[in-house]
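# Structural characterization, general
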Amino acid sequence: MRPRSPEPLFWTLFGAGGMLAALVGPALVLILGLPFPPGALEYATLRGAMGHPLVALGLGVSVGLWLFHAAHRILHTLYDLGVPHAPWLPRVCYGGATAGTLAALGVTLAWVLQ
Amino acid sequence: MSDPRIIVMECLRYHPERDTEPYHQRFEVPFTPEMSVLEGLQYIKDHLDGSLTFRWSCRMAVCGNCGCMVNGEPVLSCQTFLRDYHPECVRVEPLDHFPIQRDLAVDPADFLDKLQQVAPYLIPAQDRIPEDGPYRQTPEQMQDYLDTSACINCLLCYAACPQYGLKADFLGPAVLALAHRYNADSRDAGRARRMEVMNGDAGVWGCTLVGRCSEVCPKGVDPAGAINRNKPAAALDTLRRLLQSGRTCTP
Amino acid sequence: MTALRTHTRSMKGWWRRHPAYRQYLLREATSVVIGLYALCLLWGMTALLLGPGAHDVWRACVQSLPGRAFHLLALAAFSWHAWTWFRLLPLTVAPLRLGRYRITQTLVHRAALGAWALASAALLVAAAGGLR
Ligand code: SF4
Ligand code: FES
């Protein structure tokens, strides 16, 4: 049997992140960037919103999946651009995404437990 | 139309016994509105330079032999018309991403080799003999694979796929589409065998969905769709194996 | 048969050969911005957790000129990502058949765009309601 590849795992995370980014990304950037409504970035407002466990969880999951989405695409684009395949390259990409996801989950946990 | 107009055809030339590098040669070809690029090449071969090498057979978009790059687009030269380019010149080159054998003829050995790997034929669950009678299939079941069965192995999709050009191992659009064609056939039971090859880095995971294969296919095969519809199934297959043995996923 | 010498062309600068290749790379490039935006969110979540002081620093950054420019870039990247994502989504969905009725790629595409509109509207309404 030929060696199996871990690719399906990363592709699934990439796909989930891509789907989430497409569905809620533009609206979220609008809310925080405009901001909408104008007082959305106030400390009290945001704390109130994050007090809702679903909001905290949604943001935490988004951060993690988007990082995996980015890691996957960036890795393959580097290959596309002619960067030679080296074992450390996927380790850096997916390792970075894993670290960021763990941090995001930690922060989310702190929020949910509050 | 009155007297034939003249179009400039710029052909890539490469004769391995003579040339170290390919170069382009210009030919002035008189053409009529119904003349295809292939007929232009034939005019060159008959009247201007008998050493120009290119492949063709059916002249009617059936055999898949005459594919080449025309002004950077992979096309069947027998269904591409000179009138659509005049007064610009047409640049005719061998299909991208394949080794050039001679002038416009490429070496398709890599494709043929990969095609065999996916067992592109029906693998019935039980051996059958003619006395068993014909395979039966409803029109709906036939619809499941009909699109992908139209492939004529013209290799245009390979010339449109940068991943095939970049990765020596990648099975490429048509091979994966044909694997899908047999997997999707209700008479076939060879899915598990093909999955071995399809669910690898050289299989569906080699595809990053550039998507141009489906745009250039002259037969409406949609290889990009055929490949990517298999990704969720291939991912599930991996997950299942992972759960079963817990040791299959080593990079 | 004697093995003939063949000529293999280089893939150097392959994206220069066709505009579709450059559009593909542009689509892939949105992921860089999406990754950066995820980090910006992570920073915001952490700052908000730490208290008003840390949150003020984050907010000042978001509302500074470079922060606004980044958000504009992020809006463009997310939108282009979403547009291309939903356009390609039907390719990854196995064709479904409900009896004689086939769910076409066009239908999947439209449904995905509808879900996008719905999700966006829901988020904006929730954000507007959050102030009340
Ligand atoms: S899938 Fe289409 S483009 Fe590719 S070899 Fe078959 S007919 Fe040609
Ligand atoms: S000559 Fe047969 S496809 Fe063009």
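Residues numbered from 1 in each chain as written. Chains lettered and ligands numbered in written order. Predicted model: local features only at pLDDT ≥ 70, side-chain atom pairs only at ≥ 80, totals over all residues. Heavy atoms only, no water.

### Some details on helix H3 (residues 65-92) of chain C
The cut-off we apply is this: By the criteria applied, helices consist of DSSP H or I runs no shorter than four residues and strands consist of E runs no shorter than two, each listed in order from the N terminus. To estimate the expected span of a helix, count its residues, drop one, and scale the result by 1.5 Å. Take the seven residues that end at a residue and the seven that start at it, fit an axis to each, and the angle between those axes is the bend at that residue.
Along its 28 residues, H3(C) runs 40 Å from first to last C-alpha, staying within 8% of the 40 Å computed at 1.5 Å per residue. Largest kink in H3(C): about 30 degrees, centred on C:Phe86, with the proline C:Pro90 one to four residues after it.

### Thoughts on the nonpolar core
Which entries qualify depends on this criterion: The criterion is simple. A nonpolar core is a set of buried Ala, Val, Leu, Ile, Met, Phe, Trp, Tyr and Cys residues joined through side-chain atoms within 4.5 Å. Only protein chains enter the accessibility calculation, which uses a 1.4 Å probe; a residue is then buried when its area is under 20% of its type maximum, exposed when over 50%, and partly exposed in between. A contact between two residues is defined here by any heavy atoms of the two lying within 4.5 Å.
In terms of nonpolar packing, the biggest core is built from 73 residues, with B:Met9 and B:Tyr158 touching the most fellow members. Element by element, the count of residues in this core is highest for H3(C), at 6 residues. For B:Met9, the contacting residues outside a window of four places in its chain are B:Gln25, B:Arg26, B:Phe27, B:Val29, B:Val37, B:Gly40, B:Leu41, B:Ile44, B:Leu82, B:Val90 and B:Val92. Listed in part, the 39 residues of the second largest apolar core include A:Val63, C:Val33, C:Leu41 and C:Trp58.

### Description of the site of ligand 1
Stated precisely, the cut-off is as follows: If even one non-hydrogen atom of a residue comes within 4 Å of a molecule or strand, that residue is called near it. Under this grouping Gly is polar, as are all residues other than the nonpolar Ala, Val, Leu, Ile, Met, Phe, Trp, Tyr, Cys and Pro and the charged Asp, Glu, Lys and Arg.
Residues in contact with ligand 1, as listed here, are B:Cys151, B:Ile152, B:Asn153, B:Cys154, B:Leu155, B:Leu156, B:Cys157, B:Ala174, B:Cys217, B:Pro218, B:Val221 and B:Pro223. Across the shell around ligand 1, the residue classes tally to 11 nonpolar, 1 polar and no charged.

### Notes on the interface of chain C and chain A
Let me state the cut-off plainly: When two parts are put together, the accessible area they lose, computed with a 1.4 Å probe and summed over both, is reported as buried area. In what follows, salt bridge is the name for a side-chain nitrogen of Lys or Arg lying within 4 Å of a carboxyl oxygen of Asp or Glu. In the analysis that follows, any N or O atom pair within 3.5 Å is treated as a polar contact, provided that within protein one partner can donate a hydrogen and the other can accept it, and provided that, for residues neighboring in sequence, both atoms belong to side chains.
Contacts between the two partners involve 47 residues from chain C and, on the opposite side, 49 residues from chain A. Around 4,300 Å² of area is buried between chain C and chain A when both sides are counted, 78% of it from carbon and sulfur atoms. Its largest share of buried area at the contact with chain A, chain C owes to C:Met45, C:Leu48 and C:Trp85, together 16% of the area lost on that side. Taken together, the links from chain C to chain A amount to 2 salt bridges. A salt bridge links C:Glu28 to A:Arg73; the shortest N-O distance between them is 3.2 Å. Joining chain C to chain A, the criterion identifies 9 residue pairs in polar contact (both at pLDDT 80 or more). Of all the secondary structure elements, the ones that give two or more residues to the side of chain C that touches chain A are helix H1 (19-50), helix H2 (52-63), H3 and helix H4 (105-130) of chain C. Among the residues making up the side of chain C that touches chain A, the classes are represented as 32 nonpolar, 11 polar and 4 charged.

### Looking at the UniProt feature "transmembrane region" (unreviewed entry) in chain C
Residue and element names in this part refer to chain C. Just so we agree on the cut-off: UniProt positions are given in the numbering used here, feature names are shortened, and annotations may be inferred rather than shown by experiment.
The positions that UniProt labels "transmembrane region" (unreviewed entry) are, in the present scheme, residues 24-49, 69-86 and 107-131. The annotated region residues 24-49 carries 100% helix and 0% strand content, and the separation between its end C-alpha atoms amounts to 39 Å. Between the C-alpha atoms that bound residues 69-86 the distance is 26 Å, and the span itself is 100% helix and 0% strand.

### Comments concerning the sheet that holds strand S3 (residues 67-70) of chain B
All names here are of chain B. Rule in force here: Two strands pair under a simple rule: DSSP has to find at least two bridges between them. Helix axes are fitted only over the stretch in contact, all axes being lines through C-alpha atoms; the angle between N-to-C directions runs from 0 to 180 degrees.
Strand order in the open sheet formed by 5 strands is S2-S1-S5-S3-S4, with mixed pairing between adjacent strands. Across the chains shown, the open sheet's two edge strands, defined by having one partner strand only, are strand S2 (23-31) and strand S4 (73-76). For this sheet, the mean inter-axis angle between neighbouring strands, taken without regard to orientation, is 35 degrees. Note that strand S1 (residues 5-13) and strand S5 (residues 90-93) share 3 bridges and pair parallel. Within S5, the position partnered with Cys11 by the bridge is Val92. Those strands touched by helix H1 (residues 37-48) are S1, S2, S3 and S5, and its axis lies near 100 degrees from that of S2.

### Focus: the environment of B:Met69
Residue and element names in this part refer to chain B. Mapped onto the elements of the fold, Met69 is located in strand S3. With a relative accessible area of 1%, Met69 lands in the buried category. Sequence separation of Met69 and Leu156 is 87 residues, and the distance between their C-alpha atoms is 8.6 Å. With residues near it in sequence (within four places) discarded, Met69 still touches Pro74, Arg91, Val92, Glu93, Pro94, Leu95, Asp96 and Ala159.

### A word on the interface of chain C and chain B
The interface of chain C with chain B comprises 24 residues on the first partner and 39 residues on the second. When the buried area of chain C at its contact with chain B is split by residue, C:Arg5, C:His7 and C:Arg9 rank highest and sum to 26% of it. There are 2 salt bridges connecting chain C and chain B. Seen at the junction of chain C and chain B, the total is 15 residue pairs in polar contact (both at pLDDT 80 or more). When grouped by side-chain class, the residues that make up the side of chain C that touches chain B number 11 nonpolar, 6 polar and 7 charged.

### Observations regarding a nonpolar patch on the surface
For clarity, the cut-off: A patch is a set of surface residues, each over 30% in relative accessible area and not in a salt bridge, joined within 9 Å for like charges and within 5 Å for the nonpolar side chains Val, Leu, Ile, Met, Phe, Trp and Tyr. The method behind every accessible area is Shrake-Rupley, applied with a 1.4 Å probe, and residues are considered shielded solely by the protein chains displayed.
Residues A:Leu9, B:Leu236 and B:Leu239 make up a contiguous nonpolar surface patch of about 270 Å² in total accessible area. Turning to its location among the elements, B:Leu239 is positioned in helix H10 (residues 230-245). The class for B:Leu239 is partly exposed, based on a relative accessible area of 40%.

### Some thoughts on unusual backbone geometry
Glycine aside, a negative phi is what most residues show, and trans is what most peptide bonds show. A:Pro37 follows A:Phe36 through a cis peptide bond whose omega is -15 degrees. Assignment of secondary structure puts A:Pro37 in the loop between helix H1 (7-33) and helix H2 (43-50). The backbone of B:His97 shows a phi angle near 75 degrees, a positive value even though the residue is not glycine. Along the chain, the position of B:His97 falls in the loop between S5 and strand S6 (100-102). Look at B:Leu209: it is not a glycine, yet its phi comes out positive at around 55 degrees.

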